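So the chains spell out like this:
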Amino acid sequence: MTPVLRLLARRLGISLIVLIGVSMLVFGIARVIPGDPARIALGPNASTEQIAKLRASLHLDESIFVQYGHFIKDLSRGDLGISLYTNRPVTTDIAQFLPATLELVLVAGVLMIAIGLPLGIWSARFRGRFADHIIRLVSLLGVSAPSFVWAVILMLLFAYYLPLFPIAGRITDTYTIESITGFLLIDTLIAGNFQAFLNAAWHIVLPAFALALSGIGQAARLTRANMIETWDKPYIEMAQAYGYAPARIANRFAFKPSMIPSLTIIGLDFAAMLGNAFLVEAVFAWPGLSRYGVAVILRKDLNAIIGTVLIISAAFLIVNLIIDLLIAFLNPRIRYSQRDVK
Amino acid sequence: MSANRPGSGEDTGSVKNGSMERNSSGALLDIRDLHLGFRGYTGYTKVLHGISLSINRGQRVALVGESGSGKSVTARIVLGLLQETRTARITGDVEFQGNDMSSLNASQRRALRGTRMSMIFQDPTSALNPVFTIGYQFTEVLRRVDEKLSKEAAYLRAAELLHTVSIPDPARVLDAYSFQLSGGMNQRIIIAMALANSPSLLIADEPGTALDVTVQAQTLQLMHDMVATHNTAVLFISHNLGVVREFADRVYVIYRGRIVEEGATQSVFESPGHAYTRALMAAVPRVTGGGIPDIDDESADFHDPCFTHDSPIAGTES
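Residues numbered from 1 in each chain as written. Chains lettered and ligands numbered in written order. Predicted model: local features only at pLDDT ≥ 70, side-chain atom pairs only at ≥ 80, totals over all residues. Heavy atoms only, no water.

Colleague: What am I meant to see in the overall build of chain A here?
Modeller: When helices and strands are tallied, chain A shows 14 helices and 0 strands. The dimensions of chain A, computed from C-alpha atoms along their principal axes, are 85 × 60 × 40 Å. Looking at the 342 residues of chain A, the share that counts as buried comes to 45%. In chain A, once contacts between residues fewer than 6 apart in sequence are set aside, the share between residues at least 24 apart is 72%. In chain A, which carries 28 positive and 20 negative side-chain charges, the distance between the mean positions of the two groups comes to 10 Å. (Helix = DSSP H or I, 4+ residues; strand = E, 2+ residues; numbered from the N terminus. Buried < 20%, exposed > 50% of the residue type's maximum accessible area, 1.4 Å probe, protein only. Contact = heavy atoms within 4.5 Å. Lys, Arg positive; Asp, Glu negative; His and termini not counted. Charge placed at Lys NZ, Arg CZ, Asp CG, Glu CD.)

Following this line, the structure appears as structure tokens:
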């Protein structure tokens, strides 16, 4: 087995354990918080018999261990139960709302990498000069406010005072796009409706930026710090002594080794966006998982809470897995971490 | 170990160097009255106080001095690296192949590096980038001269050059990373890289100091043979007088930013004129008295470290 495959297997195993742990934790917490889900679901006029019947059908009258057993049994069949809020299977709800959130987070992640890393490289390359000071100031600003604050600020500035972007939503209502992947940016292209694609892209700019800003700042600062550390390494002086162009030294010889320590943090930032997306979605009325998540938490919709949390955790773990593989790909010292080279 | 294979390295030899030689004095590198200082928070610090040094084609010149004497900064000025440091103030003439380095701009100076002059650093393993293969780094060096060189051709050429520095399995080495290879192997790679484009000047800044003595000696011998093959002049920077004596034709002794003595290696070593040179030579550790130190077999302090004390009571002598 190659080291990368072994790494993958180990990470998958760890991820599975984490997921089981998360499920236990959320399962326990959801049942410990006060309030009877059945009573909330049925409303104040429900009779005691009706409530007792619903409780029995949800296994709420049994011990928590038995309930967890039922949950795991259902989960193994891909069944997360029925949401008491929408009266639909939780999996159906998640399948409907998750793509919008994922789309937002992915676009924000791309922005974070596409803007944050070049800013960091520039900053390191021209350290101590004007460009560096500006970039450091901006990235510090980005890091120092949470994304929902940025959401409000960006919305006020660029949608309200300067109406350059739409104030809310994913796409203008006049477009009807058949949902294939659930990602509007992809579905519009599949439908061949370029106008709708531009409309969807136009809608996603502000929320994605609001979500990405702290990540951009973080990525820029990390890249700068790591690049400056790398700059003192003999191999950079060697590259200079061989007369490579400064841009090439920065973008290639210094950037690649510097990227490896930054990537883990960037991966964590990326995953953290999944959580931050909840608040940004709320500000921009983005029809994603957040509205659903908040609604089900307030209604103590047990199945839906657990389903949402599990999905978010799984996404978090997948992102981290990808980052680990990326690091292994970039860093030969991990790829060849064993003795038997060739 | 340092088998010299002149045949394989010569084809790119000193062909393109000849045309550049229009210096009347015949010197490849001519440094005259070089001053260097750094502006810092605490004021201006002078590092070099007027250094003059010249190297002829194919000549091996050593610059010897203690740490902080200004050896390495001189090398970095010749390479044109220090000129890009904003706090450095450099005056004086540095003429390379008849071109005044101070009249060149940064990119013109850069064009000389890696093509007509190159450098070998102290620690070969850390001088190679750990996240790129040897092959990638080597072919990049080859492309400094011939940008259109195809990947395959560059690899073949690199393998050929690695062969000239007695690397037995070049294909495997090209696919490896520096951390997978031994220090001696990396040093050979560095030497091959530095001479790959047949530069007319090689600057060796304490080469192999990080290696163990045997490997250092081997690689120095190899470097010695290789520069002879390529007819490359060397500015050899060292504090190791033993190595200098073996390697260099001519020696400059630098002390606190000034050249205090210069001359042919033989004459400097045989009759050092300056007190500092003599001090430097006296600092070389020597085995004197023919073997182990003179100590009585039964001297009182001889056995002291060998005793183990059974009882921990203070003052008890066994």
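Colleague: What exactly am I supposed to notice about the sheet that holds strand β1 (residues 27-40) of chain B here?
Modeller: The pairing of strands in a sheet happens through backbone hydrogen bonds and is either parallel or antiparallel. Residue and element names in this part refer to chain B. Pairing is antiparallel across the open sheet formed by 4 strands, whose spatial order is β2-β1-β4-β5. Only two strands of the sheet have a single partner each, and these edge strands are β2 (43-56) and β5 (99-100). Note: β1 against β2, 11 bridges, orientation antiparallel. Following the sheet pairing, Leu29 is matched in β2 by Ile55. Lying over the sheet, helix α2 (residues 71-79) contacts β1, β2 and β4 (88-96), oriented at roughly 115° with respect to β1. (Pairing = 2+ DSSP bridges. Axes fitted to C-alpha atoms, helices over the stretch in contact; angles between N-to-C directions.)

Colleague: Looking at this model, I keep getting lost on the environment of Ile306 of chain A. Mind explaining?
Modeller: Within the secondary structure, Ile306 of chain A sits in helix α13 (residues 302-330). Excluding residues within four positions of it along the chain, Ile306 of chain A makes contact with Val26, Phe27, Arg31 and Phe71 of chain A.

Colleague: Quick question: what am I supposed to make of the interface of chain B and chain A here?
Modeller: Quite often, the size of an interface is put as the accessible area lost when its parts meet. Across the contact, 30 residues belong to chain B and 27 residues belong to chain A. Summed over both sides, the interface between chain B and chain A buries roughly 2,600 Å², with carbon and sulfur atoms accounting for 60% of that surface. Counting across the chain B and chain A interface gives 2 salt bridges. A salt bridge links Glu237 of chain A to Arg76 of chain B; its shortest N-O distance comes to 2.3 Å. Between the two partners, chain B and chain A, sit 12 residue pairs in polar contact (both at pLDDT 80 or more). When contributions to the side of chain B that touches chain A are tallied by element, the ones reaching two or more residues are α2, β6 (117-120), α4 (124-127), α5 (134-143) and α8 (183-196) of chain B. Sorting elements by how many residues they give to the side of chain B that touches chain A places α5 of chain B first, with 4 residues. (Buried area = accessible area lost by both parts, 1.4 Å probe. Salt bridge = Lys/Arg side-chain N within 4 Å of Asp/Glu carboxyl O. Polar contact = N/O pair within 3.5 Å; in protein donor to acceptor, adjacent residues only side chain to side chain.)

Colleague: I'm lost on a nonpolar patch on the surface in this one. Help?
Modeller: Among the surface-exposed residues, Val152, Ile153, Leu156, Leu157, Tyr160, Tyr161, Leu162, Leu164 and Ile167 of chain A lie close enough to one another that they form a single nonpolar patch of about 850 Å² accessible area. In this structure, Leu162 of chain A sits in the loop between α7 (147-161) and α8 (184-190). (Patch = residues over 30% accessible without salt bridge, like charges linked within 9 Å, V, L, I, M, F, W, Y side chains within 5 Å. Areas by Shrake-Rupley, 256 points an atom, 1.4 Å probe, with all protein chains shown as cover.)

Colleague: Could you clarify how one ought to interpret the nonpolar core in this entry?
Modeller: Side chains that are nonpolar tend, in soluble globular proteins, to be buried together. If you look at the biggest cluster of nonpolar residues, it comprises 164 residues, and the most contacted ones within it are Phe138, Leu162, Ile189, Leu201, Ile203, Met223 and Phe236 of chain B. At 15 residues, helix α11 (residues 246-283) of chain A tops the list of elements feeding residues into this core. The contact partners of Leu162 of chain B, leaving out residues within four places of it in the chain, are Phe138, Ile167, Pro170, Val173, Leu174, Ile189 and Ala192 of chain B. (Core = buried A, V, L, I, M, F, W, Y, C linked by side-chain atoms within 4.5 Å.)

Colleague: Before we go on, may I ask you to explain the packing of aromatic side chains in this structure?
Modeller: Here the distance between the centres and the angle between the planes together describe a pair of aromatic rings. Under the criterion given, the structure shown has 13 aromatic pairs over all chains. Seen from their ring centres, Tyr85 of chain A and Tyr292 of chain A are 6.4 Å apart, and the 40° between their planes marks the pair as tilted. Residue Tyr85 of chain A is found in the loop between α4 (64-76) and α5 (90-125), and its partner Tyr292 of chain A is found in helix α12 (residues 289-298); the two are separated by 207 residues along the sequence. What makes Tyr292 of chain A buried here is its relative accessible area of 2%. Judged by centre distance (5.2 Å) and plane angle (25°), the ring pair of Phe97 of chain A and Tyr292 of chain A falls under stacked. Taken together, the residues span a long stretch of sequence, with Phe97 of chain A in helix α5 and Tyr292 of chain A in helix α12 at a distance of 195 residues. The residues Phe97 of chain A and Tyr292 of chain A share a single accessibility class, namely buried. Members of the aromatic cluster, joined through ring pairs, are Tyr244 and Phe253 of chain A together with Phe132 and Tyr136 of chain B. For Arg31 of chain A, the ring lying beneath its charged end belongs to Phe27 of chain A, and the centroid distance is 3.8 Å. The ring of Phe132 of chain B carries Lys256 of chain A above its face, with NZ or CZ at 4.8 Å from the centroid. (Phe/Tyr/Trp six-rings, centres within 6.5 Å; stacked < 30°, edge-to-face > 60°. Lys NZ or Arg CZ within 6 Å of the ring centre and 35° of its normal.)

Colleague: Just to check I follow, could you spell out the sheet that holds strand β7 (residues 201-205) of chain B for this structure?
Modeller: Residue and element names in this part refer to chain B. Reading across the sheet, the 6 strands line up as β6-β7-β8-β3-β9-β10 and stay open at both edges, with mixed pairing between neighbours. Whereas interior strands pair on both sides, the edge strands pair on one side only; in this sheet they are β6 and β10 (258-264). On average, adjacent strands in this sheet sit at an angle of 15° to one another, irrespective of strand direction. Here strand β3 (residues 60-64) pairs with strand β9 (residues 250-255) via 4 bridges, running parallel. Paired with Ala62 across the two strands is Val251, which belongs to β9. This element, α2, spans β3, β6, β7, β8 (233-238) and β9 of the sheet and lies at about 150° to β7.

Colleague: What is the right way to read the side chain of Asp93 of chain A from this model?
Modeller: Residues and elements named next belong to chain A. Relative to the helices and strands, Asp93 resides in helix α5. Residue classification places Asp93 among the buried residues on the basis of a relative accessible area of 0%. Beyond its immediate chain neighbours, meaning those up to four positions away, Asp93 contacts Ser83, Thr86, Arg88 and Tyr292.

Colleague: Looking at this structure, how should I read the environment of Ala127 of chain B?
Modeller: Examined against the element boundaries, Ala127 of chain B turns out to sit in helix α4. Residue Ala127 of chain B is classed as buried on the basis of its relative accessible area, which comes to 1%. Sequence spacing of Ala127 of chain B and Gln187 of chain B is 60 residues, and the spatial spacing of their C-alpha atoms is 9.4 Å. In this structure, Ala127 of chain B is in contact with Pro234, Tyr235 and Met238 of chain A together with Phe121 and Ile190 of chain B, ignoring residues within four places of it in sequence.

That's the geometry; what it means functionally is another story.
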